[in-house]
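Residue-level structure breakdown
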Amino acid sequence: MITFLSGGTGTPKLVRGARRHLPDQSISVIVNTAEDLWISGNHLSPDIDTLLYLFSGQLNTDTWWGIQGDSFHTHEELKRLGVDEYIGIGDTDRALQIARGELLRQGHSLTEAIRMLSSTMGINARILPMTDEEVATLIRTDAGTLHFQEYWVKHRGNLPVKEVIRYAPTGPFASSEVIDAIERAELVIIGPSNPITSILPILECSGVIPALMDAFVIAVSPFIGDAPVSGPAAALMKARGLSPDSVSTFSLYRDFCNLFVQDIRDPVTVPGSLRYDTLMTDIGKSAALAEALIEAGKQAGEKR
Ligand code: GDP
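Let me begin by describing the structure that accompanies this report. (Residues numbered from 1 in each chain as written. Predicted model: local features only at pLDDT ≥ 70, side-chain atom pairs only at ≥ 80, totals over all residues. Heavy atoms only, no water.)

Describing the packing of aromatic side chains
Stated formally: For this analysis, a ring pair means two rings from Phe, Tyr or Trp (six-membered ring only for Trp) whose centres lie within 6.5 Å, classed as stacked if their planes differ by under 30 degrees, edge-to-face if by over 60, and tilted for the remaining angles. To qualify as a helix, a DSSP run of H or I must reach at least 4 residues; to qualify as a strand, a run of E must reach at least 2; elements of each kind are numbered from the N terminus. Working definition: with a 1.4 Å probe on protein chains only, accessible area under 20% of the residue-type maximum means buried, over 50% means exposed, and in between means partly exposed.
A complete count under the given rule lists three aromatic pairs for this structure. Each ring, one from Phe148 and one from Tyr151, has its centre 6.1 Å from the other, and the planes form 50 degrees; the classification is tilted. In this pair, Phe148 and Tyr151 both sit in helix 6 (residues 148-154), three residues apart, roughly one turn of the helix. For Phe148, a relative accessible area of 4% corresponds to the buried category. According to the relative accessible area criterion, Tyr151 is buried, its value standing at 1%.

Focus: the site of the ligand
For clarity, the cut-off: Nearness of a residue to a molecule or strand requires only that one of the residue's heavy atoms be within 4 Å of it. Polar contact is defined as a pair of N or O atoms within 3.5 Å, subject to the rule that within protein one atom must be able to donate a hydrogen and the other to accept it, and that residues adjacent in sequence are counted only when both atoms are side-chain atoms. Where accessible areas are quoted, they stem from the Shrake-Rupley method and a 1.4 Å probe; at the residue level, only the protein chains shown are allowed to cover. Each cavity reported here is a set of points on a 1 Å grid over the protein atoms alone in which a 1.4 Å probe fits but cannot get out, each pocket an open set with protein on both sides within 12 Å along at least five of seven lines, and each lining residue one with an atom within 4 Å of a point. Cavity and pocket membership follows a simple rule, namely that a molecule belongs there if more than half of its atoms are within 2 Å of the grid points. Each residue is assigned to one of three groups, with Ala, Val, Leu, Ile, Met, Phe, Trp, Tyr, Cys and Pro labelled nonpolar, Asp, Glu, Lys and Arg labelled charged, and all others, Gly among them, labelled polar.
Around the ligand sit 21 residues in total, of which Thr9, Ser193, Ser198, Val229 and Thr278 are the nearest. Within the backbone of Ser221, an N or O atom sits 3.2 Å from a nitrogen atom of the ligand. Considered on its own, the ligand offers 590 Å² of accessible surface; in the complex 93% of this is hidden by protein. Comparing atom positions with the cavity grids shows the ligand to sit within the largest pocket. Looking at the shell around the ligand, the element that brings in the most residues is helix 1 (residues 10-18), giving three residues. Of the residues contributing to the shell around the ligand, the split by class is seven nonpolar, 11 polar and three charged.

Quick word on the layout of surface pockets
Cut-off, in case you're wondering: Grid points are joined across faces, edges and corners, and a volume is the space filled by probe spheres set on the points.
Approximately 1000 Å³ is the volume attributed to the largest pocket. Around the largest pocket sit 46 residues that line it, and Gly8, Thr9, Thr63, Trp65 and Trp152 are the ones nearest its centre. Those elements giving two or more residues to the lining of the largest pocket turn out to be helix 1, helix 2 (46-55), helix 3 (73-80), helix 4 (91-105), helix 6 and helix 8 (195-203). Taken together, the residues of the lining of the largest pocket sort by class into 18 nonpolar, 20 polar and eight charged. By volume, the second largest pocket is sized at about 310 Å³. Forming the walls of the second largest pocket are 16 residues, and the residues nearest its centre are Asp36, Trp38, His43, Glu133 and Glu134. Each residue belonging to the lining of the second largest pocket can be placed in one class, and the counts come to six nonpolar, six polar and four charged.

Remarks on the sheet that holds strand 6 (residues 136-141)
Rule in force here: DSSP bridges decide pairing: two strands pair if at least two such bridges lie between them. Axis definition: a line fitted to C-alpha atoms, over the contacting stretch in the case of helices. Angles run 0 to 180 degrees between N-to-C directions. Throughout, a contact is declared for two residues whenever any of their heavy atoms are within 4.5 Å.
Ordered by their spatial adjacency, three strands build an open sheet running 7-6-8, and the pairing between neighbours is antiparallel. Looking along the sheet, the strands with just one partner apiece sit at the ends: strand 7 (144-147) and strand 8 (163-167). Going from strand to strand, the sheet's axes swing by 30 degrees on average, the running direction of each strand aside. Sheet topology note: the strand 6/strand 8 ladder contains five bridges and is antiparallel. Among the inter-strand pairings, Ala136 is bridged to a residue of strand 8, identified as Tyr167. Packing against the sheet, helix 8 makes contact with strand 6 and strand 8, and its axis sits at approximately 35 degrees to strand 8.

Below is the structure:
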């Protein structure tokens, strides 16, 4: 089994490629939930939904969120009625949020809800929320302290970031399923996801880092030079006092990372890193990178 640690864009691109080489049954994905929120009465879990739609064949891979070809009638009507739904939620996509909200309201944990929904959606991979407890990434700006979604979607990331705050009133504790997925994995891959908003929240769940120390871990940098391939990672790294590059990314993972992968174009040097073409502009390139990582993991495993 291979276990991924994932946000909602960079790592899902890699998981998409890995599916060319592995059956879904042997893939587990531990997913960031620090961007989750209740919106318009329902439960949005952006990174989990990207994985659910990827594995069920519905994902819009132009945006890496939402369902291909979805309509937005309800969203438009809600806005006309004065509801501040600042995230564009598609009509079919909303059904999943309603279904998950119902399961949570009935008392199921998020892990149980995702297991039930995965089964109904015909998904054979294990999609695991990092925790069943409430966690949120908050961004402190001059306009106030905002939920990450408000900062990134409503304000389009156009506010200077003063601080990145993790709100986790009861922990967070990794679920036992998450720890099991790391312990049983032949290889753990931290894909090129945003270190601050996608990977650190997973690492902050208690039990995750000790489990990773006993696993074989490959991590892929989301940076080329001093810029991420996409998204707000640079501003968020700087707000944490880190340079927005592969060196700082590696510094966050070094305690448990066995192999670190940088893009062949990255001018920054992390000593000992492997170099591959990590720009996953199509499924072929995702599959080639995934194959290289699986092979590197196997070769390292044979030497151990
Ligand atoms: P989010 O939840 O939507 O922010 O998604 P992730 O955290 O999973 O992924 C965002 C990160 O993916 C950004 O920091 C990007 O730099 C990185 N990324 C996106 N596409 C690629 C790619 O093709 N190659 C690499 N190396 N990084 C990528």
